Every structure is written in C-alpha cells, then in structure tokens.
Amino acid sequence: MEIHLNRVDYVQVGVTSQKSMRLLPALGKKATQKVAIADHDGILTCFGMKKGEAVPVFKTLPGQKISRMDLGGALGTPREKIFVCSGSQVRGFTKKGKQFLTFEANLTESINAMYVSGADLFVCASYIYNHYCDCKDQDYFLSGDKINDITCVSSEKLPHLTPVLACQDRVLRVLQGSTLAYDIEVPGPPSVLELYNKDAGEEVLYGTTDGRLGLVQIGEHSAVAKWEIDNDNKKGGILCADAYDIVGDGVNDILVGRDDGTVQLYGFDSSNEPTLRFEHVLSESVTSIQGGCVGKESYDEVVTATYTGWVTGLTTEPQKTEAAAGDEFRMSKETQSKVEALRAELEQLQGKVLQGREQYQQTTQSSTAVSAVPVFSINDKFTLCQDDASYSLTLEVQTAIDNLLLQSDVPIDLLDVDKNSAVVSFSECDPEQPNGNFLLATYRCQANTTRLELKVRSIEGQYGTLQAYITPRLQPKTCQVRQYQIKPLSLHQRTHSIDPARPMNRLSLVGQFSFAEIHSWVVFCLPEVPEKTPAEDDITFYFRNTFLGTQLEATYCKGEGHFQSDNISTISILSDVLSKEATKKKINLNISYDINDDSVSHTLRMIHPKLEYQLLLAKKVQLVDALRELQVHEGNASFLIPEYRSILDESASLLEEYKKQPAHLERLYGMITDLFIDKFKFKGQNVKTKVSSLLEILDNYDLNSLLEFFNDV
C-alpha cells in the first residue's frame, strides 16, 4: 500500500543538532500539536499552526549551543516538559516557556545524548554515562568507545528502568545500575536509538552511520534481534528515527531521517516485515523526525527538522488546487494572503540587506576599520564505506558553497559520485618537491549547493593528510579548512570477530612503553579505534580489510603488543609504522615475526576473483569502440557472436562502471607487487629486480602461474 504525503514548509530557525526537535502532546484527540525546536544559537522556539500560519508560543534568548532535546514529565502524566542541554548544563521549560530547572552536571565534556523519565535524568558525554534522580548522582559508567545516543526501556518484564547506550564500536550496551549487564553486536556504528512503543515495551529501534536499520528486543539478561534492513540502495547514514502510526492501521510505522536528506516511511506487511511505503528527498541532512499532527487537525504528518533549521511537514492533507473556467489556476483567499505576507517579508529582508551592506561599506572605509570575517558552520563527515572500500567525504554548509579545494599529500583516487553536480578540475602536482602534493582538485558548485559528497580511495601503507578548503558564497570572501587523516591501514574496519582457521602471520613487540603509548600508535595506524586509552589492563581489537576481506587481530598491553593477520603486507606496514613511532619517542623495540608461507597463496586466492573480474571488464571496455564502429558500418549487430552482442548491449553500464573505478586494476597489481616484495623482505631478500617479471605474468594472468612464480623465486 503506497502512501501519498504532501510537503509543507513551516519555519526556519538556526543550525540544528541531531534530535533537537520534538512535538508536544496534543491537548485533545484530534487537536494539533505544538513544535519545540532548539538550535546552535541557543534559542529554544516553540510554535503552533493557526490558519496555515506558524504562530510562536515562546522563544528563549540566545545562549550556548543546544545539542539535544527531550520531553519529560511526572510518571503517568503527559510528557510536555521540554529539556535541553547546552555544554554540561540541562535546562527544563514548561510548555508555556517558563524555565523551571537549571542543572549543572559538572562533566568535563559537553553532553551529546540525553533521556528523561519522571525524576530520572540520563546524560552521556563522549565516553561517560551518568544517571541522576531528582538531580542527585545515582549511577556512572565509562564506555569502551564513544556513546552516540541513549534510550531507556521499561516494561513489566524488566525489574527497573534499563538504559541502552549506542556506542561507536558497533555495540549496544545494556546497563544495570553502574555495571554492564550485556552488550548487543549490531552491523554498523549505531547513531540513533528510539523506543518502538513510547508508552512501554522492550523493543528498541536503532539506526547506523552506514544506513542500516534494525529492531532489538531488550531482556533482563539478553536481547533478541527482531529484524534488520540493509542499506542496499546506498542511502545516507541514519541520524534520526521515530515510530508513529501514520497509516492508521493500529501498527506503528517507522519514520527515518538520513544525512543525505532522505526521509523514509516503513510500514509492516502481513508477515510482520518492514517494507518501504514512502520516500522523499530534502536538500540537506535530516537532524530530527517526528510523527504527529501539526498543520491541520485530523491530518497526520511526518515532521522533520534539517541541518540549516528548516521545519518541514509531509502531511496526509490533500493539496488544494482550484480550477476556474478555462482551466486557469486561481488561488484561494488564504493562499493569496500567504503570498502577500511573503512578498512583504521579502521586501523587508531586502531592505535590511541593503542597509547592512551600506553600514559595512561605511565601517570598512573608516580609519578605525576592522575586517570582520563571516562565521559559518560546517557539518562534515569522513567515513569508510565497506561496500566499495572507499572513503565518503560529506560537507554541508549553512549557506551555498562557491567552491571546494581538495589537497592531499598522499596518493588517493577521486571516485565518481552520482549525486555530485559540481564541476571538478585538476591541477598539476609534483610529489617529488618537499611538502609536495599528490592531489589538487577544485570543485566549482552550482548555485544553491549547500551539500557536497565526494568519494576517495586510499592506498594502504601510504599515510598523510587530506585537506578540504571550503569557500561559501559570502562577502567578504572567507574560507575554512578541514583536515582528515589518511591512516597507514586506512581500509581496515572494526569487526566483532575473525576466522581463526585462516593461516596467520604474527608480529610481536616488546619494549619499555606504556599502555597509553602503544594505544596511541594503534590509533595512528588504524581507523575506528577510540582515542581514549582503554580502562582495562589489556585490549583486543579485530579488523577486516574492506577491499580484500583479509583480517587483523591486535592485542596489546603495557610493554607488549601482538598483531596477527592473514595478509603479510598488513604485518609489514604495521612493523614499519610502529618502529618509526617508537623511534620518535626514543623507545627501543624488540620485534619478532612468525611468517606463515601459506598465507601468501591464501591472500592471492582472495585477490583472484577481483583481479579476474577487473581484467575481464578492462577487456570488454577495450572492445566497445571497435564493436560500435562495426555496428554502425554494418547497420546492425545481428552478425556478431552472442558474447560480443551482450558487450554492445551492456556497453553503457560497462563504461560507467569502469569510469567509477579508476585505477582499480593498477591498485590490485600494486597489492600483488607489495605482497611479493614483503614475502621476501621477511626472509632478508630484495626481489625488486624481479618485479618486471611479475608484471609480465600479471599481463597474461593465470592464478596457477602466479602461485608458481611466488613459490619458485
């Protein structure tokens, strides 16, 4: 069953954080709801709709950036009190805007997640969880990785209110008091948690940064995964979710907001599986989503808040279009008055802009002029995509982007992104120069582009910095720089376990180093490792190479570190980088290796299907032009053998795929070459002179010939 929703824009506030907009409970069964939204200017705004106009209920004065919002109230009463957090402070407001609470949590870091239930307040700041009851300290927990969100489950089956933390290391941690009851492994880093039934129930919705959605049932001693939706269509990461029965069939539908602006509505079919019923794309990331009734009584809607502060409704109310004689469109009186009000507001704003420009010109020409650089917010994200082993760089600015300069001091490939309409141009680079660049690319954006998505692929073993210089369409011209670290093992991703049956190579380090020092080296080498030194005496992390599928286990403690991988090149990179880092600190390391020769043929067999596919793709692409010429010359392609006809039929998709994967074949050749050099490096042999022979074998590729070459040298 398809659902049709119509878009209505309500108001715009300042830049908003994740989960900073809520709908207050309705006073009657069919009454409209008020909207409360908080922004980075520290302003809490509450408004309602009357005759199609947004009418403010209250608006607080500007202050410190508001990072989260939740609703609360005495148990058994409507949740109509508004709680917001700024820095480490929590404030409470009534639905009329009167402040009744100011609570200083005395945390060293800003609160980034909050949940309120009756007299209980649960707050999280990076790695720390705190529970307060009547503003008195109750429980404390230090998480192993960053906490992204929190919710609490209450039901008859559970003895008390049970907090659930969404942690960056792909785990949901369920707490009992100040201790960890158990944890739940999820397929990606969870970014948001939401109760499926707001009144009571132990089912929790989670969304991940890589765009997956799932539902788990929380028990006292363990949890049950109910269902999970993969991100097959490569949509953005999930920033917000809600459960609300918008269809009216008595079953809560699931509302999802993503960081690429996609709004989705999932309903349930007869087999109780979630199915996509509605999708709408906004031009910027969706920071908050709620189901309710705002615009007109009896018409349910999906209310969203975006990064730049737009509050938008997707309503079930049908759009009114009135046709007069001759089918000419005629506006209703209500619409006409709206248009007139907007025109008046536009004229007023244009007047203010002119006045502001004149004032600026006068101040810049005075003898005491001070240059004022306009301040603008940037929402950026640099994440590894496991599907295609590339890094996605997303930049979102509160105003239109004029251009973006990308600069890298390490070799990286820029990949094509369908959503990107910017014009890219490359500048020549000389990497041999001191501080030379490997990449200089400029993106010129079209008018009104506020969001830009890029994809880059790095080479493991080559590490450095990628810098983005963002220039918005603002006067005077100004630019902000963002830096992103390309790590030595940049294509590795955290995982929950590894396959112990694989042939493994081992690297062991012993030396006079502290736990914090070796942890900082691992953070430098590998992505997705928490910067904070673990509280335990020792730690084990598991990783998977997203490009090849090889694995790595890292176990270390004070004075000792053990690393094992089925890819000898991973061990070689780790050995080189860890030695360099220890030398910088003037620490002597005793390094030992245990190399398993079987791992080399194992890795080559893992590369084989990818290499075979890329060679076949390159061969097909080479034939496309010749086959097209033949087709034009002969008038049709019926005389060709079926294999060539299929190449012609698929030519557009083949060329598109080849264009999207530049240097893919060279990348695989490079990995095999590194594997060859590393295998013999550990045996004390330099085989760089034999690389040309290896490349000849790769040009006439056969797996058995390649395995023989590796073994016969």
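Residues numbered from 1 in each chain as written. Predicted model: local features only at pLDDT ≥ 70, side-chain atom pairs only at ≥ 80, totals over all residues. Heavy atoms only, no water.

Observations concerning the packing of helix 2 (residues 515–525) against helix 3 (residues 568–584)
And step 1. Relative orientation of the contacting elements helix 2 and helix 3 amounts to 130 degrees, with a least axis distance of 10 Å. By the criterion of interaxial angle, the relationship of helix 2 to helix 3 is oblique. The two elements helix 2 and helix 3 meet at a crossing, and its hand is right-handed. Residues W521, F524 and C525 of helix 2 form the contact with helix 3, whose participating residues are L574, V577, L578, E581 and A582.
And step 2. Counted by class, the contact of helix 2 with helix 3 contains seven nonpolar, no polar and one charged residues. (Axes fitted to C-alpha atoms, helices over the stretch in contact; angles between N-to-C directions. Helix = DSSP H or I, 4+ residues; strand = E, 2+ residues; numbered from the N terminus. Parallel < 35°, antiparallel > 145°, perpendicular 65-115°, else oblique. Left-handed = near helix turned anticlockwise from the far one by under 90°. Contact = heavy atoms within 4.5 Å. Nonpolar A, V, L, I, M, F, W, Y, C, P; charged D, E, K, R; others polar.)

Some remarks on the pairing of strand 25 (residues 274–281)
And step 1. Relative to strand 25, strand 24 (residues 262–268) runs antiparallel, the two being bridged by seven bridges. Its bridge partner being in strand 25, T262 is matched across the sheet by V281. (Pairing = 2+ DSSP bridges.)

Describing empty space enclosed by the protein
And step 1. This model, assessed by the stated rule, comprises three cavities of 30 Å³ or more.
And step 2. Quantified by volume, the largest cavity comes out at close to 60 Å³.
And step 3. Around the largest cavity, the lining residues are P159, H160, T162, V174, L175, Q176, A181 and E220.
And step 4. With three residues, strand 16 (residues 171–176) is the single largest residue contributor to the lining of the largest cavity.
And step 5. The computed volume of the second largest cavity comes to approximately 50 Å³.
And step 6. What lines the second largest cavity is simply K19, M21, R22, E194, C240, A241, T287, S288, I289 and Q290.
And step 7. Going through the elements one at a time, strand 2 (21–23), strand 22 (238–244) and strand 26 (286–292) are the ones with two or more residues in the lining of the second largest cavity. (1 Å grid on protein atoms, 1.4 Å probe; cavity = no way out; pocket = protein on both sides within 12 Å on 5 of 7 lines; lining within 4 Å. Points joined across faces, edges and corners; volume = space filled by probe spheres on them.)

Regarding helix 3
And step 1. Between its first and last C-alpha atoms helix 3 spans 25 Å; for 17 residues at 1.5 Å apiece the expected length is 24 Å, and the two agree.
And step 2. For helix 3, the buried fraction is high: 12 of the 17 residues fall into the buried class.
And step 3. Of all the positions in helix 3, only I568, S569, T570, I571, S572, I573, L574, S575, V577, L578, E581 and A582 are classed as buried.
And step 4. In this structure N567 caps helix 3, since a side-chain oxygen of it lies 3.0 Å from the backbone nitrogen of S569.
And step 5. Of the residues trailing helix 3, K586 is marked for its positive phi of about 60 degrees. (Expected span 1.5 Å × (residues − 1). Buried < 20%, exposed > 50% of the residue type's maximum accessible area, 1.4 Å probe, protein only. Polar contact = N/O pair within 3.5 Å; in protein donor to acceptor, adjacent residues only side chain to side chain.)

Some details on the UniProt feature "domain: BBS7 GAE" (unreviewed entry) in the protein chain
And step 1. Using the residue numbers shown here, the UniProt feature "domain: BBS7 GAE" (unreviewed entry) corresponds to residues 374–484.
And step 2. Along residues 374–484 one finds 0% helix and 54% strand; the C-alpha atoms at either end are 24 Å apart. (UniProt positions renumbered as here; feature names shortened; annotations may be inferred.)

A word on the environment of C167
And step 1. Following the sequence through the fold, C167 ends up in strand 15 (residues 162–167).
And step 2. Its relative accessible area of 0% is what places C167 among the buried residues.
And step 3. Considered as a pair, C167 and T208 are 41 residues apart in the sequence and their alpha carbons are 10 Å apart.
And step 4. If sequence neighbours within four positions are ignored, C167 has contacts with S143, D145, K146, I147, N148, R173 and P190.

Thoughts on the packing of aromatic side chains
And step 1. According to the stated counting rule, one finds 17 aromatic pairs in the structure shown.
And step 2. Relative to Y484, the ring of F382 lies with its centre 5.1 Å away and its plane at 35 degrees, an arrangement referred to as tilted. Of this pair, F382 sits in strand 31 (residues 378–385) while Y484 sits in strand 39 (residues 480–486); the two residues are 102 residues apart in sequence, bridging distant segments of the chain.
And step 3. Classification of F382 by relative accessible area gives buried; the value is 19%.
And step 4. With a relative accessible area of 7%, Y484 lands in the buried category.
And step 5. Note on F541 and F543: the rings are 6.4 Å apart at their centroids and 55 degrees apart in plane angle, and the pair reads as tilted.
And step 6. Joined through ring pairs, the aromatic side chains of F515, F541, F543 and Y556 make up one cluster.
And step 7. One residue, K81, lies across the ring of F100, its end atom 5.9 Å from the ring centre.
And step 8. Between K681 and the ring centre of F682, over which it is positioned, the NZ or CZ distance is 5.5 Å. (Phe/Tyr/Trp six-rings, centres within 6.5 Å; stacked < 30°, edge-to-face > 60°. Lys NZ or Arg CZ within 6 Å of the ring centre and 35° of its normal.)

Details of the sheet that holds strand 40 (residues 492–495)
And step 1. Strand order in the open sheet formed by six strands is 40-42-43-44-41-45, and the pairing between neighbours is antiparallel. Two strands in the sheet have a free side with no partner beyond their single neighbour: strand 40 and strand 45 (589–594). If you compare each strand with its neighbour and ignore which way they point, the axes differ by 20 degrees on average.
And step 2. Across seven bridges, the pairing between strand 42 (residues 538–545) and strand 43 (residues 551–557) is antiparallel. Paired with F541 across the two strands is A554, which belongs to strand 43.
And step 3. Of the strands in this sheet, strand 42, strand 43, strand 44 (560–565) and strand 45 are in contact with helix 2, which crosses strand 43 at around 160 degrees.

Points about the nonpolar core
And step 1. With 55 residues, the main nonpolar core has L406, L466, L611, I672, L706 and F710 as its most contacted residues.
And step 2. Among the elements that make up this core, the one with the highest residue count is helix 7 (residues 664–681) (eight residues).
And step 3. If we skip the residues at most four places from it in the chain, L611 touches L665, L668, Y669, I672, L698 and Y701. (Core = buried A, V, L, I, M, F, W, Y, C linked by side-chain atoms within 4.5 Å.)

Observations concerning unusual backbone geometry
And step 1. One non-glycine residue, N106, lies in positive phi territory at about 55 degrees.
And step 2. On the basis of relative accessibility, which here comes to 65%, the residue N106 falls in the exposed class.
And step 3. In this structure, R170 takes a positive phi of about 65 degrees despite not being glycine.
And step 4. With respect to the helices, strands and loops of the structure, R170 is situated in the loop between strand 15 and strand 16.
And step 5. Here R170 falls in the buried class, since its relative accessible area comes to 4%.

Some remarks on the packing of helix 4 (residues 598–634) against helix 5 (residues 642–649)
And step 1. Where helix 4 contacts helix 5, the two axes come as close as 9 Å, and the packing angle between them is 95 degrees. The orientation of helix 4 relative to helix 5 falls into the category roughly perpendicular. Facing helix 4, whose interface residues are K620, L623, V624, L627, R628 and Q631, helix 5 presents Y644, I647 and L648.
And step 2. Of the residues contributing to the contact of helix 4 with helix 5, the split by class is six nonpolar, one polar and two charged.

Concerning the side chain of E284
And step 1. In this structure, E284 sits in the loop between strand 25 and strand 26.
And step 2. Within the buried set, E284 has no salt-bridge partner at all; the shortest N-O distance to an opposite charge, 7.0 Å, is to R7.
And step 3. Separated by 3.2 Å, the side chains of E284 and T306 make a polar contact.
And step 4. Of note is the side chain of E284, whose polar atom sits 2.5 Å from the side chain of T308. (Lys, Arg positive; Asp, Glu negative; His and termini not counted. Salt bridge = Lys/Arg side-chain N within 4 Å of Asp/Glu carboxyl O.)

Let's talk about the pattern of salt bridges
And step 1. For the structure on display, the rule yields 31 salt bridges.
And step 2. Across the salt bridge formed by K296 and E317, the nearest N and O atoms sit 3.9 Å from each other. With K296 in the loop between strand 26 and strand 27 (301–306) and E317 in the loop between strand 28 (310–315) and strand 29 (322–323), the pair connects residues that are 21 residues apart, well separated along the chain.
And step 3. Residue classification places K296 among the partly exposed residues on the basis of a relative accessible area of 33%.
And step 4. With a closest N to O distance of 3.6 Å, E453 and R451 form a salt bridge.
And step 5. On the accessibility criterion, E453 (14% relative accessible area) is buried.
And step 6. Overlapping salt bridges bring together K19, R22, R68, D70, R79, D149 and E194 as one network.

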